[in-house]
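Geometric and topological summary
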Amino acid sequence: MALTTADVHGASLTVRGKGGRVRRVPLGRRVREALNAAPPLDADGRLFDWKYAQATYRMRKAFRAAGLGEAWRGFHAARKHSGTRLYQATRDFTRVGLFLGHASVDTTRRYVAVQDNDVASEVEFF
C-alpha cells in the first residue's frame, strides 16, 4: 500500500519486506498495465492512499466484479495462492521462495499446497 512510481521498474517491482529487506519481484502483464495506468497521487509518487481495511474492501469488490463471488480470503491467502501457482508452473521450491522473499525454503514448503498425488505420473513406470 506504500507503493510509489519509483518502485515500478518496467517488468519488476521493488518490495520492502519484513526486517527492512528490499528485493525486486517480477510483475505479470496485467499488473504492469494497471500500475502504468495509475496516476501518482502526489509529488512523492504514491500510487495508493488506502489503509488496510480499504484495500481489503477494494480487493473483495474486485473479486466480485470478476465473477469470483466471495473467493477473496485476504492478502496472506493470495500470497499462498500465488506461491502454489508458481510452484505448479516451476516445480521448484527454491525459485518460489525467492519470489515470495522467504529466507528459508522450509517456509516456502509450508506455503505451497502440493497435491497428494503430485508424483503419480512420474512413478507410473518405475
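To be clear, the structure that these remarks concern was listed above.
So, a few notes on the structure that sits alongside this text.

1. Things to note about the side chain of D7
- Assignment of secondary structure puts D7 in the segment before β1 (8–9).
- What makes D7 buried here is its relative accessible area of 5%.

2. Digging into the sheet that holds β1
- Strand order in the open sheet made by the three strands is β1-β2-β3, with antiparallel pairing throughout. Among the strands making up the open sheet, the edge pair consists of β1 and β3 (22–26).
- Where β1 lies against strand β2 (residues 12–16), two bridges are found, and the strand directions are antiparallel. Pairing of V8 across the sheet is with L13, part of β2.

3. Brief notes about unusual backbone geometry
- With a phi close to 55 degrees, R91 is a non-glycine residue in the positive phi region.
- With respect to the element layout, R91 can be found in the loop between α3 (75–90) and α4 (93–100).

What counts as what
- Residues numbered from 1 in each chain as written.
- Predicted model: local features only at pLDDT ≥ 70, side-chain atom pairs only at ≥ 80, totals over all residues.
- Heavy atoms only, no water.
- Helix = DSSP H or I, 4+ residues; strand = E, 2+ residues; numbered from the N terminus.
- Buried < 20%, exposed > 50% of the residue type's maximum accessible area, 1.4 Å probe, protein only.
- Pairing = 2+ DSSP bridges.

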